[in-house]
Amino acid sequence: MTFAATVLTLYPEMFPGPLGHSLAGRALGERLWSLETVQIRDFATDKHRSVDDTPAGGGAGMVMRADVLARAVDDVLARRPDVPLLAMTPRGTPLTQARVRSLAAGPGVSILCGRFEGIDERLFEARPIEQVSIGDYVLSGGEMAALTLLDACIRLVPGVMGAASSGNEESFESGLLEYPQYTRPNDWEGRTIPEVLRSGDHARIGAWRQSRAETDTRLRRPDLWERHGGVRVGEPSGARHEKDE
């Protein structure tokens, strides 16, 4: 089954962009996934092909119109009714590795890329669109976010990465950050690879990696550590809570 991506955008020339290179590009050439772009302006009805208007209530910038977007969305939904339709917006639910994995396991995804000050809220009320955010920052448009989401999904499509297990220990797969990685040379600028990684003792190596993953997650991402079941963040007592069974 080919993972099929449809992107609704004002800038179809931005795709496949970086996804046309490296693993994703090779997989695209081998038809392990496919890409279709939909020009939103094609669904405008005036001579200027307008897709936006001034915000109700006043304010700076422009807002993408619900009527134009609805026509574009309806066209995609009619052709791909069983594929999730996502909109990339900073107001959306944060994207997680678990959601990426579920999307990658399906037939594909349709992605609506916002621009300007955002999208008329009535579109989300009237159509089955999942609002997704890739982080707590603002981009010029949803295209870069869509590329990020697609890259995260495509690398998990069977046949794209080399070994089937190569992503199993990566950051977020187990709820922890990944352990540090090293390679040759053994000595670089006076810094050496940890002895345990050169020991050949797979049990010791596994224990070291697990310990470093836990330590780095606790120090760098206390929010992840709390969800994983470690120390509750912000408790004055510093008391530990056992992970729920």
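Heads up: the structure comes first, above all this text.
About the criteria used
Residues numbered from 1 in each chain as written. Predicted model: local features only at pLDDT ≥ 70, side-chain atom pairs only at ≥ 80, totals over all residues. Heavy atoms only, no water. Helix = DSSP H or I, 4+ residues; strand = E, 2+ residues; numbered from the N terminus. Buried < 20%, exposed > 50% of the residue type's maximum accessible area, 1.4 Å probe, protein only. Contact = heavy atoms within 4.5 Å. Areas by Shrake-Rupley, 256 points an atom, 1.4 Å probe, with all protein chains shown as cover. Polar contact = N/O pair within 3.5 Å; in protein donor to acceptor, adjacent residues only side chain to side chain. Patch = residues over 30% accessible without salt bridge, like charges linked within 9 Å, V, L, I, M, F, W, Y side chains within 5 Å. Salt bridge = Lys/Arg side-chain N within 4 Å of Asp/Glu carboxyl O. Pairing = 2+ DSSP bridges. Axes fitted to C-alpha atoms, helices over the stretch in contact; angles between N-to-C directions. Parallel < 35°, antiparallel > 145°, perpendicular 65-115°, else oblique. Left-handed = near helix turned anticlockwise from the far one by under 90°. Nonpolar A, V, L, I, M, F, W, Y, C, P; charged D, E, K, R; others polar.

## Here's the deal with the overall build of the protein
The secondary structure content of the protein amounts to seven helices and nine strands. Expressed as a percentage of the 245 residues in the protein, the buried residues total 40%. In the protein, 72% of the contacts between residues at least 6 apart in sequence involve partners at least 24 apart. If you sum the accessible surface of the protein, you get close to 14,400 Å²; carbon and sulfur atoms cover 50% of it.

## Things to note about the side chain of Asp120
Mapped onto the fold, Asp120 is located in the loop between β6 (108–113) and α4 (121–126). Separated by 2.7 Å, the side chains of Asp120 and Arg122 make a polar contact.

## Comments concerning a nonpolar patch on the surface
A surface patch of nonpolar side chains, about 300 Å² in accessible area, is lined by Tyr137, Leu139 and Met144. Mapped onto the elements of the fold, Met144 is located in helix α5 (residues 142–154).

## With respect to the pairing of strand β5 (residues 85–94)
Pairing between β5 and β6: four bridges, direction parallel. Directly across from Met88, in β6, lies its bridge partner Cys113.

## Concerning the environment of Ala60
Of note, Ala60 is situated in the loop between β3 (52–53) and β4 (63–64). In the structure, Ala60 is positioned 56 residues away from Phe116 in sequence and 9.8 Å away in space, judged by C-alpha atoms. Excluding residues within four positions of it along the chain, Ala60 makes contact with Pro55 and Glu117.

## Topic: the environment of Thr183
Within the secondary structure, Thr183 is located in the loop between α5 and β8 (187–188). Of the residues examined, Thr183 reaches a relative accessible area of 60% and is grouped as exposed. Between the alpha carbons of Thr183 and Leu197 there is a distance of 9.9 Å; along the sequence they are 14 residues apart.

## Some thoughts on the sheet that holds strand β7 (residues 130–133)
Where strands meet in a sheet, backbone hydrogen bonds hold them as pairs that are either parallel or antiparallel. Sheet architecture is open: five strands sit in the order β2-β1-β6-β5-β7, paired in parallel fashion. A single partner strand is all that each edge strand has here, and the edge strands are β2 (33–39) and β7. Between one strand and the next, the sheet's axes are offset by a mean angle of 35°, whatever the strand orientation.

## Section: the pattern of salt bridges
Taken as a whole and assessed by the stated rule, the structure comprises 12 salt bridges. When the shortest N-O distance is used, the salt bridge between Asp74 and Arg127 registers 2.6 Å. One end of the pair, Asp74, is in helix α2 (residues 66–79); the other, Arg127, is in the loop between α4 and β7, with 53 residues separating them in the sequence. For Arg122, the salt bridge is made with Asp120, and the minimal N-O distance between the two is 2.7 Å. Classification of Arg122 by relative accessible area gives exposed; the value is 54%.

## Remarks on the packing of helix α3 (residues 97–104) against α5
For the pair α3 and α5, the least separation of the axes is 8 Å and the interaxial angle reads 70°. As judged from the angle between their axes, α3 and α5 are roughly perpendicular. Relative to α5, the crossing made by α3 is right-handed. Contact residues: α3 offers Val100, Leu103 and Ala104, while α5 offers Leu149, Ala152 and Cys153. Considered class by class, the residues forming the contact of α3 with α5 number six nonpolar, no polar and no charged.

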